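Listed below are the residues making up each chain.
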Amino acid sequence: MTQSASIFDHSWLSALFADAEIDAALGADAQLGTMREIEAAYSRALGECGLRDAKLAERAAQHVLSAELDEAGLKEGTARDGLVIPELVHQLKADAPDDIKPVIHSGLTSQDVIDTALVLNLRDAIAILADRLQSVSSAIEELEVTFGENPLAGRTRMQLALEITVSDRLKTWRTPIKTHLKRLAEIETRLIRLQLGGAVGDRASWAEHSQQIADSMARALHLPSPGRSWHTDRTAIAEFSGWLSLITGTLGKMGQDIVLMAQQGVDDIRLKSGGSSSVMPHKHNPVLAELLVTLARFNATLLPGMHHAVVHEQERSGTAWALEWMLLPQMVVATGRALLVAAEVVRDITEMGSKPKS
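Since we're looking at a predicted model, the values are computed, not measured.

J.: Residue-level account of the overall build of the protein, with values.
T.: Summing up its helical and strand segments, the protein has twelve helices and four strands in all. For the protein, with 358 residues in total, the buried portion stands at 49%. Counting every atom, the protein has about 17,400 Å² of accessible surface; 55% of that belongs to carbon and sulfur. Across the protein, the mean location of the 35 positive side-chain charges is 6 Å away from that of the 46 negative side-chain charges.

J.: Please give an account of the environment of Thr350 that cites residues and values.
T.: By the element assignment, Thr350 lies in strand S4 (residues 349-352). Along the chain, Thr350 and Thr146 lie 204 residues apart, while their C-alpha atoms are 9.6 Å from each other. In this structure, Thr350 is in contact with Phe147, Arg270, Leu271 and Lys272, ignoring residues within four places of it in sequence.

J.: Explain the packing of aromatic side chains to me, and be specific about the residues and the numbers.
T.: Enumeration according to the criterion identifies four aromatic pairs in this entry. Look at Tyr42 and Trp206: their rings are 6.1 Å apart centre to centre, the planes differ by 65°, and that puts the pair in the edge-to-face class. Of the two residues, Tyr42 is situated in helix H3 (residues 28-48) and Trp206 in the loop between helix H8 (166-191) and helix H9 (210-221); the sequence distance between them amounts to 164 residues. The pair Tyr42 / Trp206 is uniform in exposure class, with both members buried.

J.: Talk me through unusual backbone geometry; I want residue IDs and the actual numbers.
T.: In this model, His105 sits at a positive phi of 70°, which is unusual for a non-glycine residue. Looking at the secondary structure, you find His105 in the loop between helix H6 (85-94) and helix H7 (110-147). A positive phi angle is found at Met158, which is not glycine, with a value near 65°. Turning to its location among the elements, Met158 is positioned in the loop between strand S1 (151-156) and strand S2 (159-165). With relative accessibility at 61%, the residue Met158 sits in the exposed group.

J.: Would you mind going over the pattern of salt bridges in detail, with residue names and values included?
T.: Following the criterion strictly, the structure yields 17 salt bridges and no others. For the salt bridge of Arg132 with Asp19, the shortest nitrogen-to-oxygen distance reads 2.4 Å. One end of the pair, Arg132, is in helix H7; the other, Asp19, is in the loop between helix H1 (14-17) and helix H2 (20-26), and 113 residues separate them in sequence. As far as the burial class goes, Arg132 and Asp19 line up, both buried. The salt bridge involving Glu58 is made with Arg44; its shortest N-O contact spans 2.8 Å. One end of the pair, Glu58, is in helix H4 (residues 54-66); the other, Arg44, is in helix H3, and 14 residues separate them in sequence.

J.: Requested: an account of the side chain of Asp115, with residues and values cited.
T.: Of note, Asp115 is situated in helix H7. Within the structure, the side chain of Asp115 is placed 2.8 Å from the side chain of Arg234, a separation counted as a polar contact. Once residues within four sequence positions are removed from consideration, Asp115 is found in contact with Gln195, Trp230, His231, Arg234 and Trp321.

Parameters and conventions
- Residues numbered from 1 in each chain as written.
- Predicted model: local features only at pLDDT ≥ 70, side-chain atom pairs only at ≥ 80, totals over all residues.
- Heavy atoms only, no water.
- Helix = DSSP H or I, 4+ residues; strand = E, 2+ residues; numbered from the N terminus.
- Buried < 20%, exposed > 50% of the residue type's maximum accessible area, 1.4 Å probe, protein only.
- Areas by Shrake-Rupley, 256 points an atom, 1.4 Å probe, with all protein chains shown as cover.
- Lys, Arg positive; Asp, Glu negative; His and termini not counted.
- Charge placed at Lys NZ, Arg CZ, Asp CG, Glu CD.
- Contact = heavy atoms within 4.5 Å.
- Phe/Tyr/Trp six-rings, centres within 6.5 Å; stacked < 30°, edge-to-face > 60°.
- Salt bridge = Lys/Arg side-chain N within 4 Å of Asp/Glu carboxyl O.
- Polar contact = N/O pair within 3.5 Å; in protein donor to acceptor, adjacent residues only side chain to side chain.

Honestly, it's all geometry; don't read function into it.
Below, the structure written as structure tokens:
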């Protein structure tokens, strides 16, 4: 058994909360891979802009991409320096030929690499989330085709109100998902972009070549190239975090509806599967629907922390930045898991509303 206390890595709780695909997009291997790509793109940009010999720059890039790394050393370096880049650069240069060492990382700062790596990894995760949003929307649409015309008791403040149709209830689940997809396209224009600022964010070390270097790196990494660094402006990341919480909130509403509809005596919905009880064999617990509510509340709880992480003092913060590392990946994993669960629970519905009259 694993010894992790984290619900995402725990020996059995991970079965409820983990998301292997999102983990792969955001995990250490993915981060290290994108960091190498960024360092290689930077070396090549120096050659392309004439600040270093182009052949040396290409050799440096190839070395960065292929050099063997000591993961234990990266861990020790992170404990010492508070972030991984100083040790990573040390290892990349350690066995590099002397003539290419000045073409590796020189002029970059750790935050340029870490923030751009974050953006690249988020881009992969976002593609997964968008795909899953579409899948949930399609599953609800299929449910509407099957059961949409069935009558359903409308309830306000959990009390009987007037009769509606199943379609009316399902529209409250599906309509926000379309809005989330539209909002994502807007957020991506502010979030998915190169970070290049140098030591204090002013790009001074590259003088008149700064934008040329940024543009070269952006082309190599398939990212937009902003005209300035954004390393202390975390508003786009906070905005993205809000989007994650809105998604899980929408799915949490759906889960809460299903939990209430599945109550004995209400019986507005029937699910193919459910959780058992250790002492009450008659129980058929709507575990996945409950999980949607839990994940919604989890993200809503972490979101204020991401707003705290917007407050970066002066030209770089160690505290706010580290808080972001702690919270954002968990929010993305929770959102990914919620989307998988939502699609599963919707497809698990075998009856909804009153049966059509024959």
